[in-house]
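Structure assessment
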Amino acid sequence: MQLRDNGLRFSPLTVVLHWAVVVALLSILGLQASVEYASSDALRGAFVRWQNLAGLILFLVSLYRFWARITSYHPLPVGTPNPIEVIVSRSVAVALALAMVLLPVAVWASRAAAGVAVELPAGAVIPLLLPTDATLKYVVDVLFDIGASAFLAGLALHIFGAVKNHFLLKNNTLKRMLGKHVEL
Amino acid sequence: MNNAKFDFAGNAITQLCGVKYPIVLGGMAAISGPQLVAAVANAGGLGVVGGLRLPPLALRRWIRETRALTDKPFGVNLVPQFGGPDVFEAQFQVILQERPQLLSLFYAQDYSADMIRRAKAAGLTVMVQVGSVALAKIALAEGADIIVAQGSESGGHLNRGTIGIMPLLTSILEVAQGRPVLAAGGITTGDDVRAMMALGASGVLVGTAFIATEESNAHPLYKQKIVEATTDDTEYRTGYSFGWTYGTPHRVIPNRDKWNLLRFIGGGARAIDKPRMAKKLSLYAGQGVGKIHSVVPAAERVAQLASGLALPASRLVTEEGDAFTHAAAQGRMFVEQRSAARPLGWQ
């Protein structure tokens, strides 16, 4: 099996992990909504633990994805996009992968600075390596807000590109990311 | 139209490539498409498809479209560095199957030992473009049939270094072991061709002058910029150019319009691109750009260039025993005295 991307195609691993990241992100958002509307503290705590686990998975997968992205050739674009679109779309993809490494770290740092344990299901806990410090928490939270805003903007651009290619340009860009073999 | 009024007797390049004139179109990515390549080939030159950035299917399509437009020989240019080894191998397989007359390589030193051997085994003529004597020696050692001495006057991408065409050409000729060497860089007119042939080149490779032709894939605004630019307007850069490793040297007409990020990027705007690409990018062009005054059919451009293949009148006079008066003839005399064993460009 092809494990790394090359100039002609994405590896199956890249495709699987891309959609694993999507699932992890949606899980985090869904669990956040569940936390907001939980009927009891016990249920809320359970949701938070599962959310933390999703964040940990997102961090680990994204760490690999970012490394793989910057050390592999990017497959040639489908169709004939102008070079600037290619530069922007590839930059956004790399930035999103990096953001999904940094944002979970920021969440962990914020909770550590607040002295809140980062618990996982089955009683596991992610160690708090930072001292409790209100100023540090404030700084981390500000950085998280900035990063999250940039991430959402990039994500919107990423989804817009996928939708544009699929519905407007009617090419195989999205299908390629769904695992279809596209001959270039 | 300034059509050539003579039949070129032929030389090593015309024999190797099966063309009338040793006038070679630079394989400019996205710009040297089937129409331009076929037009140059039909006019007696050697058209070269710009294969860089073309996925294998598109490369095959372009080669077949070119074949449909001309029955004359033509070549394909590839740059192995772009897209990685898998893309290059896939492109190379297309070349081996489609078998154009010539394979042109640039930035190929990491791959050429294998590629040149395989291409020649398949019956292709292999041409390698270099910007230094060291790279020329590598290409020659690996079996290149033709070397292109690319001076730093050239537009688009260059090897590292800033060697002008005159010292580069003559230095490569010294080590060329009799193999033909084409001159590239700032060549846009028949006089330029004559000067290069006088120095011992076996022909010329021309890019910028063919951008401003009716058949080129360049955006009309790009062609207009080529026509309007003066000799002073190009700039040697080592920043970012699309698709190339950061720092790869290239020559552009720098964009000095309103401030925008694209002006820091070197590129070539295609006809299918939006006008703002041509307006904002710094566009590839060589130092000969100041001598291009109009957009003409490619055949006319070939004819203009081929007019420089005619022996200078003063050389004819010289052969009759009169005094040397023509600078080009004096240059040839110098070359002849310096290296009697070296084949001259016209031979």
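These numbers were taken from a predicted model, which means no experiment stands behind them. (Residues numbered from 1 in each chain as written. Chains lettered and ligands numbered in written order. Predicted model: local features only at pLDDT ≥ 70, side-chain atom pairs only at ≥ 80, totals over all residues.)

**Describing the overall build of chain A**
- The helix and strand inventory of chain A stands at five helices and two strands.
- Helices and strands appear in chain A in the N-to-C order α-α-α-β-β-α-α.
- Each principal axis of the C-alpha distribution contributes one length, and for chain A these read about 50 × 30 × 30 Å.
- Burial status across chain A gives 20% buried among its 184 residues.
- In chain A, of all internal contacts separated by at least 6 residues, the share reaching a separation of at least 24 is 66%. (Helix = DSSP H or I, 4+ residues; strand = E, 2+ residues; numbered from the N terminus. Buried ≥ 20, exposed ≤ 12 C-beta atoms within 10 Å, placed from the backbone. Contact = placed C-beta atoms within 7 Å.)

**Some details on helix 12 (residues 298-306) of chain B**
- Among the nine residues of helix 12 of chain B, seven are classified as buried, and the element is accordingly described as predominantly covered.
- Restricting attention to buried positions, one finds in helix 12 of chain B the residues B:Ala298, B:Arg301, B:Val302, B:Ala303, B:Gln304, B:Leu305 and B:Ala306.

**A word on the environment of B:Pro275**
All names here are of chain B.
- Mapped onto the elements, Pro275 comes out in helix 11 (residues 275-280).
- You can call Pro275 exposed: it has 12 C-beta atoms within 10 Å.
- Taking the C-alpha atoms as reference points, Pro275 and Tyr222, 53 residues apart in sequence, are found 9.1 Å from one another.

**Digging into the nonpolar core**
- Ranked by internal contacts, the top residues of the largest apolar core, which has 110 residues, are B:Ile147, B:Ala149, B:Leu169, B:Leu182 and B:Val204.
- Among the domains, domain 1 (13-216) and domain 2 (220-289) of chain B are the pair contributing at least three residues each to this core.
- Aside from chain neighbours lying at most four places away, what touches B:Ile147 is B:Val128, B:Val130, B:Ala136, B:Ala139, B:Leu140, B:Ile172, B:Ala176, B:Arg179 and B:Val181.
- By size, the runner-up hydrophobic cluster in this structure holds 17 residues, among which are A:Leu31, A:Ala99, A:Ala113 and A:Val140. (Core = buried A, V, L, I, M, F, W, Y, C linked by C-beta atoms within 7 Å. Domains from an automatic or database assignment.)

**Thoughts on the packing of helix 3 (residues 83-114) of chain A against helix 4 (residues 134-168) of chain A**
Residue and element names in this part refer to chain A.
- Close contact between helix 3 and helix 4 brings their axes to 8 Å; oriented N to C, the two are set at 155 degrees. Taken together, the axis directions place helix 3 and helix 4 in an arrangement best described as roughly antiparallel. Along this stretch, helix 3 crosses helix 4, giving a crossing that reads as left-handed.
- Looking at the contact of helix 3 with helix 4, its residues break down into 20 nonpolar, six polar and two charged. (Axes fitted to C-alpha atoms, helices over the stretch in contact; angles between N-to-C directions. Parallel < 35°, antiparallel > 145°, perpendicular 65-115°, else oblique. Left-handed = near helix turned anticlockwise from the far one by under 90°. Nonpolar A, V, L, I, M, F, W, Y, C, P; charged D, E, K, R; others polar.)

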